[in-house]
Amino acid sequence: MAVQAQGWERRLIDLAYEALEGQIAAALHFTDDNRSLAAAYKTCEQLTKSHSRTFHMASGFLARDKRRGARALYAFCRVCDNIVDVRTEGSDPRADLARWRDQLLDLNQASGDPIALAWADTRTRYRIPWRYAEQLIEGVARDLETVRYETFDELADYCYGVASTVGLMAMHIVGFEDTRAIPFAVKLGVALQLTNILRDVGEDWRAGRLYLPQEELAEFGLSEADIATGQIDDRWRAFMRFQIERTRELFLEAMPGIALLDPDGRFAIAASAELYRHILDDIEIHDYDVFSRRAHISTWGKVRRLPGIWRLSKQVALEGDS
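All values derive from a computational prediction rather than experimental measurement.

Reading guide: rules and limits
- Residues numbered from 1 in each chain as written.
- Predicted model: local features only at pLDDT ≥ 70, side-chain atom pairs only at ≥ 80, totals over all residues.
- Heavy atoms only, no water.
- Helix = DSSP H or I, 4+ residues; strand = E, 2+ residues; numbered from the N terminus.
- Rg over C-alpha atoms; globule rule 2.2 N^0.38 Å.
- Buried < 20%, exposed > 50% of the residue type's maximum accessible area, 1.4 Å probe, protein only.
- Areas by Shrake-Rupley, 256 points an atom, 1.4 Å probe, with all protein chains shown as cover.
- Lys, Arg positive; Asp, Glu negative; His and termini not counted.
- Charge placed at Lys NZ, Arg CZ, Asp CG, Glu CD.
- Phe/Tyr/Trp six-rings, centres within 6.5 Å; stacked < 30°, edge-to-face > 60°.
- Lys NZ or Arg CZ within 6 Å of the ring centre and 35° of its normal.
- Patch = residues over 30% accessible without salt bridge, like charges linked within 9 Å, V, L, I, M, F, W, Y side chains within 5 Å.
- Salt bridge = Lys/Arg side-chain N within 4 Å of Asp/Glu carboxyl O.

Asker: Hey, could you go over the overall build of the chain for me, with residue numbers and the actual values?
Answerer: Counting secondary structure elements, the chain contains 16 helices and 0 strands. Taking 2.2 N^0.38 as the reference for a compact globule, 322 residues should give roughly 20 Å; the C-alpha atoms of the chain span a radius of gyration of 19 Å, in line with that estimate. Expressed as lengths along the three principal axes of its C-alpha atoms, the size of the chain is roughly 60 × 55 × 40 Å. Evaluated residue by residue, the chain yields a buried proportion of 52% over its 322 residues. Accessible surface, the chain as shown: approximately 14800 Å² in total, 50% of it carbon and sulfur. For the chain, the distance from the average site of its 41 positive side-chain charges to the average site of its 50 negative ones is 7 Å.

Asker: I'd like a rundown of the packing of aromatic side chains, residues and numbers included.
Answerer: A complete count under the given rule lists 11 aromatic pairs for this structure. Ring pairs connect the aromatic residues Phe220, Trp236, Phe239, Phe242 and Phe291, which therefore count as one cluster. Taking NZ or CZ as reference, arginine 246 lies 3.7 Å from the ring centre of phenylalanine 152, over its face.

Asker: Can you lay out a negative patch on the surface for me, pointing to particular residues and giving the numbers?
Answerer: Residues Glu150, Asp153, Glu154, Glu215 and Glu219 make up a contiguous surface patch of negative charge. Taken together, the elements giving at least two residues each to the negative patch come down to helix H9 (152-174) and helix H12 (214-219). Its relative accessible area of 35% is what places glutamate 154 among the partly exposed residues.

Any functional reading would require information beyond the geometric quantities listed.
Rendered as structure tokens:
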């Protein structure tokens, strides 16, 4: 099984392989008692549940240790996001990110923070390359200086930094057959982040950010003035149909990678991807209004889709073995 890639995909896949090849084996030795570590993982579980019901549900299908690791990963990423997005008067996000990075590298510092402690244990236990975590921190930091992207290629680079890296780290927690899984994880991460971007156009605009490629907006006769007014017309509908079609194609191209994961993790990753993909359906159902509402899938909507996702994960695995 192989994935065809060219252009922006090839560049991002190369970044992922380079990070893997540059891995230095972790040599952390924990002195914390089991109660401290259990409490740290509980903190991560609570944070995940309060901030992402979809990820909390999907990760719940993993075995206990992998579930704890996935939620520690989510918590680590959430802290990175919050440093940039939730600012207080007098805060210095760049300095705070640097301190967070240093804390994660130094076990003595990590032991003082429950999320850092759980993440350090997870990173060591599953031998997650440190470079992936660095790439994520670098990706999140881009929001401090770049709030516009001229081309889709530039946007894809950003998506890799803030999302594909998460998938690559999750892949180590779930377990994978071999490095052939990497290109699929890269594509899935880009698809997930593009879904976020399409869902959050209005919210991002109010925060002073516009992640939609400027070049593509212009091709459909749209400008930032149109985003500011939130007008839904034929130009906007055509633009969004194009964006959604490309994102769905990336989800579809990423799905065969499920077969390369350890069997006990396939359903969880399929659920995470498929439940998120249905956000695109909700955007369509509401006439591409991403200005006055936030597209979502209800809890019942997620639950009723699970049997179909389970069958899909089995089918993908069978096709991968054939």
